[in-house]
Amino acid sequence: MARLQFGTFLAPHHPLGEHPTLQFQRDLDFAAQLDRLGFDEFWCGEHHSTGWEMIASPEMFLAAAAQTTHTIRLGTGVISLPYHHPFNVAQRMVQLDHMSRGRAMFGSGPGALPSDARTMGISPMVLRDRQDEALGVIRRLLAGGDRFSYESEWFTLNDAALQMLPLQEQMPMTVASSISPSGMQLAGKYGIGALSIASTSTEGIVALPTLWGFAEEAAAAHGQVVDRRDWRVLMSWHLAETKEQARREAVHGLQRWHNEYNVHVLGRPGAVRVDDPWALLEQVAEGGASGGGAAVIGTPDDLVAAIRNLQDLTGGFGVVLGFAHDWANKENSMRSWEMMARYVIPALNGYVKPLQASADYVSANRGELMAGASAAVMSKIMGHQGAAQAMATTMANIAKAREAGESDTTFRPGAGLADAHKAGAPSTEE
C-alpha cells in the first residue's frame, strides 16, 4: 500500500449549551489548524435535528473553510441525497469546487438520522434506493456531455445539463458505509470510494474485514474497478504525553457524549447509560482499536499500533479519518491533533525512518568518524604551517636580493608559491 493519508470527520458532535455562532467559528478554526498541520482531508456532515449536529449545509460550511485554508481537501461527509433534488446537489458541488480552487470532495449517503427523514416526510424504506438513483444522475451531470431528461417518482429533469463543470477533471467521490454491505456495494457499483463511519464502534470494527469484499464484488458485476486507496476508515482517539493524562482529559467528556447523545438523544441499540465515567472509559477504550476497543485514549505510540493493527485486520485502506469530538476541552483537543501530526503520521508514513537511520549510522561509527576528522584537522594544521614557512623563506630571499642591489625582476617567486600550494594553503592567486 502507498503512504496513508489523514484527515478528520466532523459530524459535528457538540454538546448543548455553547453559543452556536461560536461553535461554527471554532470548527472553522479547527479546519485552519489541520491545514497548517498538513492534514490531507476535512469532512463535515449534514444534519437537521438532535441539537448536537448543527451543520445543515456542509457545502456552505466548506465554502467558508476554503477561505482560510490552502491545501487541505474539503469533503461533504455526507450530503443526504434523498433530501435534495440531484440537480441542485450537482450545482452546489461544482460551485464549492471552484470556490475551493479544486479541493472539493463529494461524499453522499442516504441520511443517518431517522428524525431528519421523519421531519421531511420521507419513508426510511426508500432512502437507500433514492440515494442510488440520485447518485447515478449526479455523476452523469458532473461528467458533462449531452443534455438529458429523467423522470422519477420524486424528481424530474428536462433537457438537463450543468452550465458549469467542476474545476477538477475528476472530483473525488465517496459513499458512506456502515455495518451492512449496502454502502460498499454502492461504492463498487459506481467505482468510487467508501467512507466507513461505523468503525468507531466495536461492532463496526468486527465488520470491517469483510466489507471491502462487497465493494469488489459489486464493482466486478458492474464493470467497475475500486481501489483500496479510496477507502476511508473512521477512528476515534484522544492523545497526550501519557495514557494517564489522556484518560484524565477525556473521561468526563466521553461520558457526557455517551449518556446525553448516544443514549438520551439517539437511543442507539444496545447503548445504556453508564454512571461511572471510568467504567465507561474502560469499556470504550479497553485495548484501543488494536484490542477491539472503539477508541484509542493514550499516547501517539498507542495510536500507531492501533492503525497498523487495523490495516492488518482489513487488508489495507488509504485514508485514516479521526472522529472529531469534544471529549476533552478545546486546548487539549487541539493538542491531541497536533501530536497526531507531529508523531503518528511521520511514524506510519516512514518520514522518521531515514532520520533515525542517519543518527544510528553516526552513533555506530562515531569512533572512526572522529578519528578521520582529527587526522584531517591535523593535516590541515601542518599544511598551513608548511605554507607559512614557504612564504617566510620567499620574503627573506626578496630582502636579501634587495640588499645585494639585485633587481626584483631577477627573482622568481613562483617556486615559493608553488611550495605553498603543495603545502595545502591557499595562495593570493586564487
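Here the structure is a predicted model, which means the values were calculated and not measured. (Residues numbered from 1 in each chain as written. Predicted model: local features only at pLDDT ≥ 70, side-chain atom pairs only at ≥ 80, totals over all residues. Heavy atoms only, no water.)

Novice: Kindly report on the overall build of the chain, identifying the contributing residues and their values.
Specialist: Counting its secondary structure elements, the chain contains 14 helices and 12 strands. Taking all 430 residues of the chain together, 47% fall into the buried category. Once local pairs closer than 6 in sequence are excluded, the contacts in the chain between residues at least 24 apart make up 72%. Accessible area of the chain: about 21,400 Å², with a carbon and sulfur share of 53%. (Helix = DSSP H or I, 4+ residues; strand = E, 2+ residues; numbered from the N terminus. Buried < 20%, exposed > 50% of the residue type's maximum accessible area, 1.4 Å probe, protein only. Contact = heavy atoms within 4.5 Å. Areas by Shrake-Rupley, 256 points an atom, 1.4 Å probe, with all protein chains shown as cover.)

Novice: Explain the pattern of salt bridges to me, and be specific about the residues and the numbers.
Specialist: Side chains carrying opposite charge are able to pair once their charged atoms draw close together. Scanning the entire structure with this criterion turns up 14 salt bridges. The partner of E18 in a salt bridge is R26, and the shortest N-O contact between them spans 2.7 Å. R232 serves as the salt-bridge partner of E41, at 2.8 Å between the closest nitrogen and oxygen. Residue E41 is located in strand 2 (residues 41-44), and its partner R232 is located in strand 10 (residues 231-239); the two are separated by 191 residues in the primary sequence. Judged on exposure class, the residue E41 and its partner R232 are both buried. When salt bridges that share partners are traced, they join E18, R26 and D326 into one network. (Salt bridge = Lys/Arg side-chain N within 4 Å of Asp/Glu carboxyl O.)

Novice: Break down the confidence of the model for the chain for me, citing the residues and quoting the values.
Specialist: It should be kept in mind that the predicted coordinates are not to be read in detail where pLDDT is low. Across the chain, the average pLDDT comes to 89, with 86% of residues at or above 70. Note that pLDDT drops below 50 for residues 407-430; the model gives that stretch 23 contacts with residues more than four away or on any other chain. (pLDDT = per-residue confidence, 0-100.)

Novice: How would you sum up the packing of helix 2 (residues 58-66) against helix 3 (residues 86-99)? Please name residues and give values.
Specialist: The angle between the axes and the distance between the axes are what describe a pair of packed helices. Packing of helix 2 against helix 3 brings their axes to within 9 Å, and their N-to-C directions diverge by 10°. It follows from the interaxial angle that helix 2 and helix 3 lie roughly parallel. The segment helix 2 lies against helix 3, with E59, L62, A63 and A66 engaging R92, M93, L96 and M99. Split by residue class, the contact of helix 2 with helix 3 holds 6 nonpolar, no polar and 2 charged. (Axes fitted to C-alpha atoms, helices over the stretch in contact; angles between N-to-C directions. Parallel < 35°, antiparallel > 145°, perpendicular 65-115°, else oblique. Nonpolar A, V, L, I, M, F, W, Y, C, P; charged D, E, K, R; others polar.)

Novice: Go over the packing of aromatic side chains, please, and point to the residues and values.
Specialist: Scanning all chains against the criterion turns up 12 aromatic pairs. Consider the rings of F39 and W337, whose centres lie 5.6 Å apart with planes at 70°: the pair is edge-to-face. Pair noted here: F39 is in the loop between helix 1 (20-36) and strand 2 and W337 is in helix 11 (residues 330-349), with a separation of 298 residues, a long-range link. Residue F39 is classed as buried on the basis of its relative accessible area, which comes to 2%. Classification of W337 by relative accessible area gives buried; the value is 7%. Here W52 and Y261 contribute two aromatic rings whose centre-to-centre distance is 5.4 Å and whose plane-to-plane angle is 45°, an arrangement assigned as tilted. Taken together, the positions of W52 in the loop between strand 2 and helix 2 and Y261 in helix 8 (residues 243-266) put the pair 209 residues apart, joining distant regions of the chain. By the burial criterion, W52 is buried, and Y261 matches it. Among the aromatic residues, ring-to-ring pairing joins F30, F39, F42, F61, W237 and W337 into one connected group. The ring of F148 has R140 sitting right over it, with the charged end atom 3.8 Å from the ring centre. (Phe/Tyr/Trp six-rings, centres within 6.5 Å; stacked < 30°, edge-to-face > 60°. Lys NZ or Arg CZ within 6 Å of the ring centre and 35° of its normal.)

Novice: Any details on the pairing of strand 3 (residues 73-76)? Residues and values, ideally.
Specialist: Pairing between strand 2 and strand 3: 4 bridges, direction parallel. By the bridge assignment, F42 is partnered in strand 3 with L74. Each parallel crossover has a hand, and the one from strand 2 via helix 2 to strand 3 is right-handed. Pairing of strand 3 with strand 5 (residues 104-109), which is carried by 2 bridges, proceeds in the parallel orientation. Within the sheet, the bridge partner assigned to L74 lies in strand 5 and is A104. (Pairing = 2+ DSSP bridges. Right-handed = clockwise from strand over helix to strand, strands pointing away.)

Novice: Go over helix 7 (residues 202-221), please, and point to the residues and values.
Specialist: Its 20 residues place the ends of helix 7 31 Å apart at the C-alpha level, agreeing with the 28 Å of an ideal helix rising 1.5 Å per residue. In helix 7, a bend of some 50° at L208 exceeds every other bend along the element, and P209, a proline, comes one to four places later. Within helix 7, burial applies to G204, I205, A207, L208, L211, W212, A215, A218 and A219. Against the buried residues of helix 7 lie strand 8 (173-177), helix 6 (182-190), strand 9 (193-196), strand 10 and helix 10 (300-314). Looking one or two residues past helix 7, G223 carries a phi angle of roughly 65°, positive in sign. (Expected span 1.5 Å × (residues − 1). Bend = angle between axes of the 7 residues up to and from the residue.)

Novice: Can you explain the environment of H70? Please cite residues and give values.
Specialist: Summarising the element assignment, H70 is placed in the loop between helix 2 and strand 3. We classify H70 as exposed; its relative accessible area is 65%. Spatially, the C-alpha atom of H70 lies 9.0 Å from that of R101, the residues being 31 residues apart in sequence. Apart from residues lying up to four places away in sequence, H70 is in contact with D35 and R103.

Novice: With reference to specific residues and values, describe unusual backbone geometry.
Specialist: The step from A11 to P12 runs through a cis peptide bond, and the omega angle for that step is -5°. Residue position: P12 is located in the loop between strand 1 (5-10) and helix 1. Here the amide bond leading from G77 into V78 is cis, since omega sits at 5°, within 30 degrees of zero. For V78, the position within the fold is in the loop between strand 3 and strand 4 (79-80). Its identity is not glycine, yet T50 carries a phi of approximately 85°, on the positive side.

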